[in-house]
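Descriptive structure summary
Next come the chains, spelled out residue by residue.
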Amino acid sequence: MSNVNSCHSQSAITYSQFLMSDSLTKVLGIWSLAWTLPVQVSKTVMYNSRSSRNVAVIGAGAAGLVAARELRREGHKVVVYERGQKVGGTWIYDPNVESDPLGLEPFRVIVHSSLYDSLRTNLPREVMGFRDYPFVAKEGRDRDPRRFPGHWEVLLFLEDFARDFEIMELVRFETEVLHVGMEEGKWIVRSRKRAGADRDDLLIDSDEVYDGVVVCNGHYTEPFIAEIPGIDSWPGKQMHSHNYRVPDPFRDQVVVLIGSSSSGADISRDIARVAKEVHISGRSIANETIGKQPGYENIWLHSMIKSAHGDGTVVFQDGSSVLPDVVLHCTGYKYHFPFLDTHDIVTVDDNRVGPLYKHVFPPLLAPWLSFIGLPRVLPFPMFEFQSKWVAGVLSGRIVLPSPQEMMEDVENFYSKLEAAGWPKRYTHKMADYRFEYNDWLATECGCSVSEEWRKQMFDATRRNKQARPETYRDVWKDQNLFSQANEDFLQYK
Ligand SMILES: Cc1cc2nc3c(=O)[nH]c(=O)nc-3n(C[C@H](O)[C@H](O)[C@H](O)COP(=O)(O)OP(=O)(O)OC[C@H]3O[C@@H](n4cnc5c(N)ncnc54)[C@H](O)[C@@H]3O)c2cc1C
Ligand SMILES: NC(=O)c1ccc[n+]([C@@H]2O[C@H](COP(=O)([O-])OP(=O)(O)OC[C@H]3O[C@@H](n4cnc5c(N)ncnc54)[C@H](OP(=O)(O)O)[C@@H]3O)[C@@H](O)[C@H]2O)c1
């Protein structure tokens, strides 16, 4: 597989990169410089050769894999830290669940993936794949050729990607990053390697020094739980969708499920096949849809839960109540970076990770710290564009605005969200401008913007899902876009 990156052009560095030139860095720590110097110096400095940096990537999921590929293509030296035994992150289905079904116990053994057994993709494979490495159906006994395949097919795709681009050799498996901190202008990454297959085996800790750190640790592992008045005295069982795998334990039970997004929608139908009753409660459920769901014998929609009681009842805001065995929180996840110590330059506040320029670079630490994968846009293509951007900026090929300009951009963005009435927790959601964002990144990197068929297919899938929520994965009408996509993919064979 070719390792040539074909879409770039410029050769200039930012002011902060100039500050990172070796002589300056040796004399003064970059961090003190970044924090104290005024930023009104000329934005760019022409630069004729690309710099190769030592870069640590945290995580070998889809984001870490494509980040590693782009960083190496750009000429950087890359180490990928992965606490698991395989590449693929979220897409490694694990039948085990955590000891605390709500995922609140801080010292629990973490199970990374939130996949459930029946999960199929909610995007067609054509839209989902990388730009230059499409997710095409392959022959093979274990393969799933459907347009919306089962989760194992995505894992096979990521394994193919890692193999074809020889990423495995960059990954340190079973090596967990414990701490990332700054010292004298460099990042110190402390990691722990398990030397052996057993839990009691030798653990080896080490500190290593890097110019840059790219955070790709995923953000669907740390559950977010709804607060319910009275829940402490309620006698039933609570859990989060992170720990849902199969419907069998819910046989003949009454289940209240909170949240009506992707997990809530899928899991409620999965459970309804065996449960006695499934009651879906959510704060975004429209009043007119409340009640028994057409086409189902045992699914009801409700307003948000108002309270839970010691006698076992759960009361909804409209006054109705049920007597459930289980409350299942399908309430999403928290961004969580337990290893990252930036002296509060980067914080997580109501699920806003910030301040981050374009959801990637903290202005005061750019480009030496970056985050891939925070926005909830088309994941794989976005990871690819963000990674190209980070790699190009780190080498000096792509120019960033000054820290001050980046900070102003971030503040403007937050003001716009606020003016539009968007809650902070939606900062990285980007529902209506996902393609604008990807196209902006593509332009920064000197790449062509997202293909028209991809945009149209995404919209067609969304409409189809609204019209046929149960069957959209198997019944579609965008055959023309499907053909265009597959024609386009021929160039990458
Ligand atoms: C239930 C579910 C269904 C989804 N369905 C779809 C879908 O249909 N289509 C789609 O495009 N996207 C889907 N997504 C989104 C999915 O998260 C992305 O597609 C993508 O897999 C995320 O990749 P990532 O690399 O950012 O994170 P992850 O895949 O989570 O990878 C992060 C990696 O970092 C490692 N790691 C974490 N902390 C450390 C540490 N301290 N040290 C070392 N390693 C660490 C983890 O072990 C993991 O391997 C789904 C997500 C969920 C939760
Ligand atoms: N392939 C698939 O089919 C599939 C299946 C499952 C998940 N996924 C993916 O996995 C990711 C996570 O999805 P998710 O559904 O688990 O999480 P999510 O998209 O973040 O949705 C969480 C839901 O819980 C609601 N919620 C949060 N806190 C609440 C509270 N206190 N009270 C009431 N409601 C609350 C949210 O409502 P608000 O919007 O009002 O905050 C939202 O509806 C997404 O990327 C999704 O696409 C994919």
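Residues numbered from 1 in each chain as written. Chains lettered and ligands numbered in written order. Predicted model: local features only at pLDDT ≥ 70, side-chain atom pairs only at ≥ 80, totals over all residues.

Looking at an unreviewed UniProt entry, one finds the protein named Flavin-containing monooxygenase and attributed to Protea cynaroides. As recorded by UniProt, the Sequence similarities (unreviewed entry) comment attached to the protein reads in full: "Belongs to the FMO family." Reading the Cofactor (unreviewed entry) entry of the UniProt record for the protein gives the comment "FAD". (UniProt positions renumbered as here; feature names shortened; annotations may be inferred.)

Right, let's talk about the overall build of the protein for a bit. Along the backbone of the protein there are 12 helices and 23 strands. Counting over 493 residues, the protein shows a buried share of 40%. In the protein, 66% of the contacts between residues at least 6 apart in sequence involve partners at least 24 apart. (Helix = DSSP H or I, 4+ residues; strand = E, 2+ residues; numbered from the N terminus. Buried ≥ 20, exposed ≤ 12 C-beta atoms within 10 Å, placed from the backbone. Contact = placed C-beta atoms within 7 Å.)

Glancing now at the pairing of strand β3 (residues 54–58). Most of β3 is tucked away: 4 of the 5 residues are buried. Summarising the sheet, β3 and strand β4 (residues 77–81) pair through 5 bridges and their orientation is parallel. Within β4, the residue paired with V55 across the bridge is V78. What joins β3 to β4 is helix α4 (residues 62–73), and the crossover it makes is right-handed. (Pairing = 2+ DSSP bridges. Right-handed = clockwise from strand over helix to strand, strands pointing away.)

Near ligand 1 lie 32 residues; those nearest to it are G59, G61, A63, G89 and G218. Of all the secondary structure elements, the ones that give two or more residues to the shell around ligand 1 are α4, β6 (175–183) and α8 (379–395). Counting residues per element, the shell around ligand 1 draws most heavily on α4, which supplies 3 residues. Each residue belonging to the shell around ligand 1 can be placed in one class, and the counts come to 16 nonpolar, 13 polar and 3 charged. (Near = placed C-beta within 6 Å. Nonpolar A, V, L, I, M, F, W, Y, C, P; charged D, E, K, R; others polar.)

Once that is clear, we can look at the sheet that holds β4. Pairing is parallel across the open sheet formed by 5 strands, whose spatial order is β5-β4-β3-β9-β23. Sheet topology places β5 (171–172) and β23 (369–371) at the edges, where each strand pairs with a single neighbour. Against the sheet, α4 engages β3, β4 and β9 (212–215), with an angle of about 170° to β4. (Axes fitted to C-alpha atoms, helices over the stretch in contact; angles between N-to-C directions.)

So, on to the site of ligand 2. By nearness alone, 23 residues border ligand 2, and A226, G259, S261, S263 and G332 come closest of all. With 4 residues, the single largest contributor to the shell around ligand 2 is helix α7 (residues 262–272). For the shell around ligand 2, a count of residues per class yields 7 nonpolar, 13 polar and 3 charged.

So, about the packing of α8 against helix α10 (residues 434–445). Running from N to C, α8 and α10 cross one another at 35°; their axes reach a closest spacing of 9 Å. Judged by the twist between their axes, the crossing of α8 over α10 is left-handed. Between α8, through P381, M382, F385, Q386, K388, W389 and G392, and α10, the contact on the second element is made entirely by N438, L441, A442, E444 and C445. Taken together, the residues that form the contact of α8 with α10 break down as 7 nonpolar, 3 polar and 2 charged. (Left-handed = near helix turned anticlockwise from the far one by under 90°.)

Attention shifts here to the nonpolar core. Counting 80 residues, the largest nonpolar core has V57, L65, A67, L158 and V213 as the members making the most contacts within it. A total of 9 residues in this core trace back to one element, the largest contributor, which is α8. Non-local contacts of L65, meaning those with residues more than four positions away in its chain, are made with A60, V87, L158, F161, A162 and I167. In this structure, L115, V256, V278 and V314 belong to the second largest nonpolar core, which totals 25 residues. (Core = buried A, V, L, I, M, F, W, Y, C linked by C-beta atoms within 7 Å.)

So, about the pairing of β6. Bridge count for β6 against strand β7 (residues 186–195) is 8 bridges, and the pairing is antiparallel. Residue T175 lies in a different strand from β7, and its bridge partner there is K193. Here β6 hands over to β7 after 2 residues, with E184 in that stretch at a positive phi of 45°.

It is worth spelling out unusual backbone geometry at this point. Note: most residues except glycine have negative phi, and most peptide bonds are trans. Residue P355 follows G354 across a cis peptide bond; omega there is 0°. Mapped onto the fold, P355 is located in the loop between β22 (352–354) and β23. In this structure, P367 follows A366 across a cis peptide bond, with omega equal to -5°. Positive phi values are uncommon outside glycine, yet D344 reaches one of about 65°. Here D344 lies in the loop between β20 (333–334) and β21 (347–349). Classification of D344 by C-beta neighbours within 10 Å gives exposed; the count is 6.

Here the focus is the environment of V255. For V255, the position within the fold is in strand β12 (residues 254–258). Sequence-wise, V255 and K237 are 18 residues apart; in three dimensions their C-alpha atoms are separated by 9.7 Å.

Here α8 is 17 residues long and its end C-alpha atoms lie 24 Å apart, about the 24 Å a rise of 1.5 Å per residue gives. Counted residue by residue, α8 has 16 buried out of 17 residues, so it is predominantly covered. (Expected span 1.5 Å × (residues − 1).)

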